[in-house]
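This is what each chain is made of:
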Amino acid sequence: LTPDEHRRAVVEFNDTAHAVPDGSLGELFSRRVAETPDAQAVTDGTLTLTYAQLDARANQFAHEVIGRGVRPGDAVGVLLERSIETVTTVLGLMKAGAVYVPLDARYPADRIRHVLADTGATIVVTDTASLPTVPRDAADVLVIDATPREEKQCEAPRVGVRSGDAAYVMYTSGSTGAPKGIVVTHGNVAALAVDPRFERAAHRRVLLHSPAAFDASTYELWVPLLGGGTVVVAPAGDLDVSALQRTVVTQEVTALWLTSSLLNVVADHAARALSGVVQVWTGGEAVSGATVQRLHAACPGLTVVDGYGPTETTTFATHHRVPRPYSGGATVPIGRPMANMRVYVLDARLRPVAPRVTGELYIAGAGVARGYLNRPAMTAERFVADPFGVEPGARMYRTGDLVRRDAGGDLEYVGRADQQVKVRGFRIEPGEVEHVLAEHPAVGQAAVVAHHDQSGSTRLIAYIVPDTDGPTGDEEERDQIGEWQSLYDSLYSAPGSTLGEDFSGWNSSYDGEPIPLPEMREWRAATLERIRALRPGRVLEIGVGTGLLLSALAPECEEYWGTDFSPVVVAQLQRHIDADPELARRVTLRVQAAHEHGDLPQGHFDTIVVNSVAQYFPNGGYLTQVVEQAF
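Criteria and thresholds
- Residues numbered from 1 in each chain as written.
- Predicted model: local features only at pLDDT ≥ 70, side-chain atom pairs only at ≥ 80, totals over all residues.
- Heavy atoms only, no water.
- Salt bridge = Lys/Arg side-chain N within 4 Å of Asp/Glu carboxyl O.
- Helix = DSSP H or I, 4+ residues; strand = E, 2+ residues; numbered from the N terminus.
- Buried < 20%, exposed > 50% of the residue type's maximum accessible area, 1.4 Å probe, protein only.
- Pairing = 2+ DSSP bridges.
- Axes fitted to C-alpha atoms, helices over the stretch in contact; angles between N-to-C directions.
- Expected span 1.5 Å × (residues − 1).
- Arc of directions from axis to C-beta.
- Contact = heavy atoms within 4.5 Å.
- Core = buried A, V, L, I, M, F, W, Y, C linked by side-chain atoms within 4.5 Å.
- Parallel < 35°, antiparallel > 145°, perpendicular 65-115°, else oblique.
- Nonpolar A, V, L, I, M, F, W, Y, C, P; charged D, E, K, R; others polar.

Turning our eyes to something else, we now look at the pattern of salt bridges. The full count for this structure, using the stated rule, is 25 salt bridges. A salt bridge links arginine 32 to glutamate 35; its shortest N-O distance comes to 2.9 Å. With a gap of three residues between them, arginine 32 and glutamate 35 both fall in helix 2 (residues 25-35), about one helical turn apart. With relative accessibility at 12%, the residue arginine 32 sits in the buried group. For glutamate 35, a relative accessible area of 55% corresponds to the exposed category. A salt bridge links arginine 336 to aspartate 410; its shortest N-O distance comes to 3.1 Å. Taken together, the residues span a long stretch of sequence, with arginine 336 in strand 15 (residues 336-337) and aspartate 410 in the loop between strand 20 (395-405) and strand 21 (411-416) at a distance of 74 residues. If you follow the salt bridges from partner to partner, you end up with Asp4, Arg7 and Glu12 in one network.

Structure, rendered in structure tokens:
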């Protein structure tokens with residue numbers, strides 16, 4: 001780069017300075033209480049607490065945990081259903097100087113044990129509904145709804161908490177099989193919460209609905225609490241679209257976060273739910289330009305903001321306020337840095353790259369977390385010295401994300417420099433899944449890849465090499481077959497194409513991309529040639545699928561029977577058959593697994609086709625069983 005280009009990329013692009021008040025989160029909240037004690041702080045639609053009332057409850061809880069031996073810097077596990085008590089608990093822990101460790105009841109028991117052991121948590125705060133999920137060997141358990149508390153005024157505990165102290169430890173996927181904890185400070189959260197991009201008018205009522213262990217909850221909780229707004233607590237549990245719509249509308253939510261995958265669903269099925277919302281922040285995965293256009297058309301007053309940032313940089317590092325009308329590409333840019341954040345697009349030698357050139361994204365600034373708990377080597381690898389920083393000891397986080405600047409200067413997400421993927425906003429290391437799979441006694445080797453189905457959803461697909469030393473029982477075989485059935489029911493749930501031309505799901509095992517259609521058609525032609533050489537008259541095809549072979553062979557046969565275990569694919573294929581009287585006269589379809597023969601005529605067929613479906617059979621013995629029964 002020329003000196004001018006270097007200055008624009010490193011200095012001007014990152015001119016984001018904004019004053020951040022010094023103090024812990026508890027202190028900053030107390031200042032807000034002093035300013036607006038009677039304003040609504042939190043509501044669930046039934047109960048509403050003012051700032052003064054929430055402050056009193058949080059102070060009381062802080063004294064309670066201190067009385068149980070919690071000292072500044074101690075980790076406290078929190079496993080609660082979403083409620084006002086969740087807000088009280090987190091705020092109280094901040095006032096006590098404790099380190100909040102959010103847990104999720106959906107976690108496997110071993111993961112919860114690992115998190116508690118890794119953080120050294122001496123106490124777990126839970127409720128009656130979540131108590132069965134708490135490990136029995138947890139040191140101390142506080143069940144907050146087991147005994148009613150007396151409402152009493154309590155002063156804030158006199159505990160010294162500084163902005164550089166740890167506020168929470170949040171865990172993300174780890175490539176070695178063990179999740180890694182990210183230590184985020186009070187100052188990190190405060191810098192996010194006071195960012196002027198969270199406009200006060202838009203954030204009057206912010207929906208709290210993300211899982212506590214997902215860092216979007218940091219935005220949902222602290223942006224309204226430190227900005228004078230109201231936290232609107234969604235009902236406990238996972239929200240479907242109708243419940244989300246009901247909550248947003250009845251509680252008059254003005255701002256919320258939605259993962260891009262959930263935003264797609266809302267735009268398709270309940271766009272009017274956001275008609276009263278001022279801002280929706282979205283991200284976690286690529287944000288669809290078509291989705292934004294649908295929302296703009298349905299909700300004239302809505303602003304969509306693409307918010308990007310790993311947990312290591314405290315929820316959001318960049319943002320892109322999508323203009324109206326949106327005329328950009330299929331994927332919305334991730335934009336420009338948030339307040340007090342700096343972003344660099346660098347090559348392998350940590351040099352800034354030119355516009356439109358792809359490089360790795362590095363993030364510096366007030367949101368960069370302290371590092372990984374108990375992992376100094378990994379911290380040193382990912383949190384590196386910032387060669388462009390002006391303050392001594394400045395660090396930047398190496399994201400592993402590949403980006404480039406577009407013609408307007410906004411950052412565009414290109415992909416990953418490693419194998420990490422995102423599913424519904426959650427970072428997933430396929431290596432962690434592979435590690436767990438490989439521990440199963442029946443698995444010899446495992447590989448995990450991300451798969452994008454016809455609806456645009458991302459799912460993880462695991463491929464395994466069985467350990468053939470042990471026997472496989474009938475029940476295990478049936479379980480494997482049932483899992484494949486569930487997969488294919490979803491794979492073929494989108495509208496089909498022309499009969500014999502639906503090659504859905506045929507992806508390369510090497511790069512995960514769809515196999516080019518010319519190659520697929522060449523394979524099909526070769527297969528048809530081999531079958532026609534047998535001069536088939538009465539055919540049974542086991543695993544008929546979308547009719548890739550049936551469409552060409554059936555018109556040449558007296559009868560053509562096809563079976564498949566997916567009712568979805570059979571129903572779609574039957575519609576094609578019914579539309580052609582000649583095919584309808586010759587073809588009979590059945591929904592059944594390969595080993596099930598039901599009312600199929602015995603000794604009737606002169607040709608039996610078991611084609612690519614064989615690769616999904618549980619083992620060689622199952623294949624033998626299918627062939628023998630077919631004859």
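Anyway, onward from the coordinates.
A sheet is described by the order of its strands in space; here four strands give the open sequence 28-27-26-29, paired in parallel fashion. At either end of the open sheet lies a strand with only one pairing partner, and these are strand 28 (587-591) and strand 29 (607-610). The mean inter-strand angle of the sheet, taken between neighbouring strand axes irrespective of direction, is 15°. Note that strand 27 (residues 559-564) and strand 28 share five bridges and pair parallel. Counterpart to tryptophan 561 in the pairing with strand 28 is threonine 588.

A separate point is helix 16 (residues 567-578). In a regular helix each residue adds 1.5 Å, so 12 residues correspond to 16 Å; helix 16 covers 16 Å between its end C-alpha atoms and thus fits that length. Turning to helix 16, its buried residues number three or more, namely Val569, Val570, Gln572, Leu573 and Ile577. The arc that holds every buried residue of helix 16, seen down its axis, measures 165°, which confines them to one face. Along helix 16, exposed side chains directed more than 90 degrees from the buried face belong to Arg575 and Asp578.

Moving on to the side chain of arginine 382. As for its placement among the helices and strands, arginine 382 is situated in helix 11 (residues 376-382). Setting aside anything within four residues of it in sequence, one finds arginine 382 in contact with Tyr372, Met396, Tyr397, Arg398, Thr399 and Gly400.

Mapped onto the secondary structure, glycine 23 falls in the loop between helix 1 (3-10) and helix 2. Sequence-wise, glycine 23 and threonine 313 are 290 residues apart; in three dimensions their C-alpha atoms are separated by 19 Å.

The nonpolar side chains of a soluble globular protein tend to be buried, and buried together. Leu54, Val87, Leu93, Trp222 and Leu225 are the most contacted members of the largest nonpolar core, which has 50 residues in total. Among residues more than four places away in sequence, those in contact with leucine 225 are Phe29, Arg32, Ala41, Tyr51, Leu54, Val87 and Val231.

Here we take up the pairing of strand 17 (residues 359-365). For strand 17, the tally of buried residues reaches six of seven residues, placing the bulk of the element in the interior. Pairing of strand 16 (residues 341-346) with strand 17, which is carried by six bridges, proceeds in the antiparallel orientation. By the bridge assignment, methionine 341 is partnered in strand 17 with glycine 365.

Contact pair helix 6 (residues 186-193) / helix 7 (residues 216-227): the axes reach a minimum separation of 9 Å and the direction vectors enclose 70°. Looking at the two axes, helix 6 sits roughly perpendicular to helix 7. In this structure, helix 6 uses Val189, Leu192 and Ala193 to contact helix 7, whose residues at the interface are Thr218, Tyr219, Trp222, Val223 and Leu226. Residue composition of the contact of helix 6 with helix 7, grouped by class: seven nonpolar, one polar and no charged.

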